[in-house]
Amino acid sequence: MALYRFRVTFEDYDDVMREIDVKSNQTFEDLHRAIHQSTGYNSEYPSSFYISNDQWTKGEEITYLPNQKRIDRGVPLMNRVKLLSFIDDPHQKFYYTFNFDRPFDFHVELMKIILEETPGVAYPAVIKSVGEAPKQFGNIITPSIAPPLVDDFDFLNEMAYSEEDTDDFSEIADTDEIDVEDKKVEEEEEEEDEFGNEFSDDEGFEDEGKLPRGDEF
């Protein structure tokens, strides 16, 4: 079985390169996984190969984990397409985009066709690695961070008060509560005086208006 030797380079990182041997009857998904075995990335992200010309212009697409638009367009899946189906040039090129949400773009170029496999080698095989791949974007799933809860000191922060200033606010609040209680007591006392004086006046009036007893005449 013939082998394809591909050179894989990052579009934006010239100092990083991989060479990978793949069997001609293996699929684009096999190449996709081999690339990320060599970069250390999690390969489970939507990605696509594009048949390309010498100017790296995107042509026909072959995809992995397609979205609904690609499904509706009938874009072929990587696991169903063998590499030999799209090798028409001894230096065939593929433009490759990994992880559409946070993409890395690669140039994948056929370097040579090897007629015999090396005994004992499992293919695809990374045969050369130059440079360290940049950190993968989106490969670590982090829990969503909820917005901070509004606490008792938010309004203090907005007004440039420190947390220690809350004692002053507490004292003010306590004073207000005392004033309210004192006011209520004063109002109750005034109410009692009002009714008390009224009743006392009536009693005085009754005493003043009493007729003398008979023995006083």
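Above this text sits the structure in question.
None of these values were measured; they are calculated from a predicted model. Starting from 1, residues in each chain are numbered consecutively following that chain's sequence as written. At least 70 in pLDDT is required for a residue's local features to be given in this predicted model, at least 80 for side-chain atom pairs to be given and counted, and no such filter applies to totals for whole chains, interfaces and linings, which use all residues. The side-chain values count all of the structure's non-hydrogen atoms but skip hydrogen atoms and water molecules.

Side note on the pattern of salt bridges
When a carboxyl oxygen of Asp or Glu lies within 4 Å of a side-chain nitrogen of Lys or Arg, that pair is called a salt bridge. For the structure on display, the rule yields 9 salt bridges. In this structure, the salt-bridge partner of Glu61 is Arg70, at a minimum N-O distance of 2.5 Å. For each residue, the accessible area found with a 1.4 Å probe, counting protein chains only, is set against the maximum for its type, and the residue is called buried under 20%, exposed over 50%, and partly exposed in between. On the basis of relative accessible area, Arg70 is assigned to the buried category, the value being 13%. Between Lys93 and Glu109 there is a salt bridge; the shortest N-O distance is 3.5 Å.

Some thoughts on the environment of Phe49
Inspection of the secondary structure puts Phe49 in strand β3 (residues 47–52). Taking the C-alpha atoms as reference points, Phe49 and Phe94, 45 residues apart in sequence, are found 6.2 Å from one another. Only heavy atoms enter the contact rule, under which two residues are in contact if any of them lie within 4.5 Å. Sequence-distant contacts of Phe49, that is, excluding residues within four places in its chain, are made with Phe28, Leu31, His32, Ile35, Glu60, Glu61, Ile62, Met78, Phe94, Tyr95, Tyr96 and Val108. Numbering of helices and strands runs from the N terminus; a helix is a DSSP stretch of H or I covering at least four residues, while a strand is a stretch of E covering at least two.

Structural notes on the pairing of strand β6 (residues 104–114)
One face of the sheet, then the other: side chains in a regular strand alternate in exactly this way. Strands are treated as partners if at least two bridges between them are detected by DSSP. Summarising the sheet, strand β1 (residues 3–10) and β6 pair through 8 bridges and their orientation is antiparallel. Bridge assignment links Leu3 to a residue of β6, and that residue is Ile114. Inspection of the sheet shows strand β5 (residues 93–98) paired to β6 by 6 bridges, in the antiparallel sense. Pairing of Tyr96 across the sheet is with Phe106, part of β6.

Some remarks on the nonpolar core
Counting 30 residues, the largest nonpolar core has Phe6 and Val108 as the members making the most contacts within it. Looking at this core, the elements with two or more residues in it are β1, β2 (17–23), α1 (28–39), β3, β4 (58–64), β5 and β6. When near neighbours in sequence (up to four residues on either side) are disregarded, Phe6 contacts Arg18, Glu19, Ile20, Val22, Leu31, Leu83, Ile87, Phe94, Val108, Glu109, Leu110 and Met111. Note on terminology: a nonpolar core comprises buried Ala, Val, Leu, Ile, Met, Phe, Trp, Tyr and Cys residues joined through side-chain atoms within 4.5 Å.

A few points about the pairing of β3
Within β3, 6 of the 6 residues are buried, leaving the element largely enclosed by the surrounding structure. Residues Ser47, Phe49 and Ile51 of β3 are buried on one face, and the alternating residues Ser48, Tyr50 and Ser52, pointing to the opposite face, are buried as well. One ladder, built from 5 bridges, connects β3 with β4; its direction is antiparallel. Each residue of the ladder has a partner; that of Tyr50, found in β4, is Glu61. In textbook terms, the turn of a hairpin is the stretch between consecutive antiparallel strands, and for β3 and β4 this stretch comprises 5 residues, one of which, Trp56, has a positive phi near 60°. Where β3 and β5 come together, 6 bridges link them in antiparallel fashion.

Looking at α1
What a helix is expected to span follows from its residue count: subtract one and scale by 1.5 Å. Between its first and last C-alpha, α1 extends 17 Å over 12 residues, near the 16 Å set by a 1.5 Å rise per residue. When you tally the buried positions in α1, you get 9 out of 12 residues, the bulk of the element. Two residues or fewer past α1, Gly40 is found with a positive phi of approximately 85°.

Observations concerning the packing of aromatic side chains
Side-chain rings of Phe, Tyr and Trp (the six-membered ring for Trp) are treated as a pair once their centres are within 6.5 Å; stacked means planes under 30 degrees apart, edge-to-face means over 60, and tilted covers the remaining angles. What the rule picks out here adds up to 15 aromatic pairs. Centroid distance Tyr41 to Phe98: 5.8 Å. Interplanar angle 15°. Geometry classified as stacked. Here Tyr41, found in the loop between α1 and β3, pairs with Phe98, found in strand β5; they are 57 residues apart in sequence, far enough to count as distant. Across this residue pair, the class does not change: Tyr41 and Phe98 are buried. Only when the NZ atom of a Lys or the CZ atom of an Arg is both within 6 Å of the ring centre and within 35 degrees of the ring normal do we say a charge sits over the ring. The aromatic ring of Trp56 is capped on one face by Lys93, whose charged end is 5.9 Å from the ring centroid.

Here we look at the sheet that holds β3
Within a beta sheet, neighbouring strands are joined by backbone hydrogen bonds and run either parallel or antiparallel to one another. Strand order across the open sheet formed by 7 strands is β4-β3-β5-β6-β1-β2-β7, with antiparallel pairing between neighbours. The sheet is open, and its two borders are formed by β4 and β7 (125–130), each paired with just one other strand. Mean inter-strand twist for the sheet, computed between neighbouring axes without regard to direction, equals 25°. Two elements, β2 and β7, share 5 bridges in a ladder whose sense is antiparallel. Opposite Ile20, over in β7, you have Val126 as the bridge partner. Each axis is a line fitted through C-alpha atoms, and for a helix only the stretch in contact is used; angles between axes span 0 to 180 degrees, taken between their N-to-C directions.

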